[in-house]
Amino acid sequence: MRMYDVIRKKRDGGELSDAEIAFFVDGFTKGEIPDYQASALLMAIFFRGMTERETVTLTDNMAKSGDTVDLSRFGMLSADKHSTGGVGDKTTLIVAPVVASLGGRMAKMSGRGLGHTGGTVDKLESIPGYRTSLSPDEFLGQVEKIGLSVIGQSGNLTPADKKLYALRDVTATVDSIPLITSSIMSKKLAAGSHNIVLDVKVGSGAFMKTPEDAETLAREMVKIGKGCGRNVRAVLSNMDVPLGSAVGNSLEVIEAANILKGADSGDLYEVSVILSAQLVSMVRGVSVEEAERAVREAIRSGAAFAKMKEWVSSQGGDVGYLDDTDLFPAAKYRKDVTAPRGGYIFSTDAEKIGEASVVLGAGRASKEDAIDHAAGILIKKKTGDRVEKGDVICTLLTNDESSLADAEKEVLSAVGIGDEKPDNKPLVFGIIS
Ligand code: URA
């Protein structure tokens, strides 16, 4: 088989055979197919698309390109969630203990933040002592014992995706539905869970800017996941505005802990309940309504917070910080950003807020950058709120005083204030199953 022929076939709109796709994934992962030929095929896929069968085959081959996690010992109870990336999205810190407290088995590998979106691993590392790296035996043993573990991606999981994603990033081929689908779903399949909820973000802070595009991607991912034998649902959730009121690592852990201690209102609470209810209904085989009642009760009764403490303590984290969140070190510098005029806030651009948090030190512009766990933004007013001139919109927190001016400029450019009260956008645009 020649790569030249595979590229030409896709360029001319043909359907690749299973053998041709396997040849490409295997050869590219081993370094036998050069980047320039892989780039040409990616661009041909970008323009010509892929059939469902081609996407299933591509996903399956990518999932098997490296190590895979065997969760078969947990039967139908294994559960995972994936967010396509958001700002202030700390739902994993809430959903994982809620689902584990209701019988699910969450063996979760999470990523670090890059660019304007945060990562669960960075957030967890703000808890003193928390170990994000466990041996496979420790990881699975903990899930068996307490129902949950969250670690950083380890081992050689989906090397095909790592190489392909790096190439897509520099060849303008990221935003292709079959390529995004195979990238995300290959990682989820390799991570081993039977039940998977995909939180597909929609809006200014997300990959998918419109509900229509997000729905197309979500339908494709659900179809492909099911085609590979998994139980998959997708929730389309709003990312025009950051989720919750904290953006930044320890700030988000504190907000998540407060939800599990009973702060049961607001967008973060509701989205976390919706995601948890989907997983609990899959794990327990009950209706979403029944699962949702159980989820709200697990939070209200403190069972989910107790599970969060059990989880953090099992991974070496100091749970004193969850009980008394004032123990988290405070940033040295803080600055209130105030409304330049009165009116209604009609936009709180999530991407720009995420970028401002990176300027303050909460995220990284490149992989090697260090994180300031105390840095970030506490949002006091969001889209739809009424403000008077001089009201505090948000507070910037950092250990780098010189970052405050640039971050303030970025935040002010993110927040639009007008005379009309904007229409409320839904928190969730739909659920695909
Ligand atoms: N996230 C991924 O993991 N892969 C993509 O292609 C896009 C978003």
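Thresholds, definitions, all that
Residues numbered from 1 in each chain as written. Predicted model: local features only at pLDDT ≥ 70, side-chain atom pairs only at ≥ 80, totals over all residues. Heavy atoms only, no water. Near = heavy atom within 4 Å. Polar contact = N/O pair within 3.5 Å; in protein donor to acceptor, adjacent residues only side chain to side chain. Areas by Shrake-Rupley, 256 points an atom, 1.4 Å probe, with all protein chains shown as cover. Salt bridge = Lys/Arg side-chain N within 4 Å of Asp/Glu carboxyl O. Helix = DSSP H or I, 4+ residues; strand = E, 2+ residues; numbered from the N terminus. Buried < 20%, exposed > 50% of the residue type's maximum accessible area, 1.4 Å probe, protein only. Pairing = 2+ DSSP bridges. Contact = heavy atoms within 4.5 Å. Axes fitted to C-alpha atoms, helices over the stretch in contact; angles between N-to-C directions. Right-handed = clockwise from strand over helix to strand, strands pointing away. Core = buried A, V, L, I, M, F, W, Y, C linked by side-chain atoms within 4.5 Å. Domains from an automatic or database assignment. Phe/Tyr/Trp six-rings, centres within 6.5 Å; stacked < 30°, edge-to-face > 60°. Lys NZ or Arg CZ within 6 Å of the ring centre and 35° of its normal.

Q: Just checking my understanding: could you explain the site of the ligand for this structure?
A: In the neighbourhood of the ligand, the contacting residues comprise Tyr165, Arg168, Ile180, Ser183, Ile184, Lys187 and Phe207. A distance of 2.8 Å separates an oxygen atom of the ligand from a polar side-chain atom of Arg168. Side-chain polar atom of Ser183 to a nitrogen atom of the ligand: 2.6 Å apart, as the coordinates give it. Coverage of the ligand by the protein chains reaches 88% of its 240 Å² of free accessible surface.

Q: Sorry, what's going on with the pattern of salt bridges here?
A: Two side chains bearing opposite charge may form a pair once their charged atoms approach each other closely. Under the counting rule described, the total for this entry stands at 32 salt bridges. With a shortest N-O distance of 3.9 Å, Lys223 and Glu220 are connected by a salt bridge. With Lys223 and Glu220 both in helix H10 (residues 211-227) and three residues apart, the pair spans about one turn of that helix. For Lys223, a relative accessible area of 38% gives the class partly exposed.

Q: Could you clarify how one ought to interpret the sheet that holds strand S10 (residues 386-387) in this entry?
A: Pairing in this open sheet of three strands is antiparallel, and the strands run S10-S8-S12 from one edge to the other. The strands lining the two open edges of the sheet, one partner per strand, are S10 and strand S12 (415-418). The pairing of strand S8 (residues 343-348) with S10 spans two bridges and is classified as antiparallel. Bridge pairing in S10 places Gly343 opposite Val387. The strands touched by helix H17 (residues 404-414) within the sheet are S8 and S12, with S12 carrying the most contacts at an inclination of about 45°.

Q: What exactly am I supposed to notice about the pairing of strand S5 (residues 231-238) here?
A: Looking along a regular strand, one sees side chains alternate from face to face of the sheet. Counting buried positions over the eight residues of S5 gives seven, a clear majority of the element. Bridge analysis of strand S4 (residues 195-202) against S5 gives eight bridges, and the strand direction is parallel. Residue pairing for S5: Val202 is matched across the bridge by Asn238. Once you follow S4 into H10 and on to S5, the crossover reads as right-handed.

Q: Looking at this structure, how should I read the nonpolar core?
A: Across soluble globular proteins, nonpolar side chains show a tendency to be buried alongside one another. Counting residues in each nonpolar core, the largest one holds 73 residues, and the members touching the most others are Trp311, Ile377, Leu396 and Val411. With 10 residues, helix H12 (residues 267-284) is the largest single contributor of residues to this core. When residues of this core are sorted by domain, at least three fall in each of domain 2 (72-323) and domain 3 (329-418). The contacts of Leu396, once residues within four sequence positions are left out, are Tyr333, Arg334, Lys335, Val337, Leu360, Gly376, Ile377, Leu404, Ala407, Glu408 and Val411. Counting residues in each nonpolar core, the second largest holds 20 residues, with Phe24, Val25, Leu41 and Ala160 among its members.

Q: How should the packing of aromatic side chains be read in this particular structure?
A: Aromatic ring pairs: the centre-centre distance and the angle between the two ring planes describe each pair. What the rule picks out here adds up to four aromatic pairs. On the basis of an interplanar angle of 85° and a centroid distance of 5.3 Å, the ring pair of Phe46 and Phe47 is categorised as edge-to-face. Classification of Phe46 by relative accessible area gives partly exposed; the value is 29%. Their ring planes at 90° and their centres at 6.4 Å tell us that Tyr130 and Trp311 sit as a pair that is edge-to-face. Taken together, the residues Tyr130 in the loop between helix H6 (120-124) and helix H7 (136-146) and Trp311 in helix H14 (residues 303-314) connect sequence positions 181 residues apart. Assessed through its relative accessible area of 0%, Trp311 is described here as buried. When the ring centre of Phe28 is taken as reference, the NZ or CZ atom of Lys163 above it lies at 4.6 Å. Taking NZ or CZ as reference, Arg386 lies 5.2 Å from the ring centre of Tyr344, over its face.

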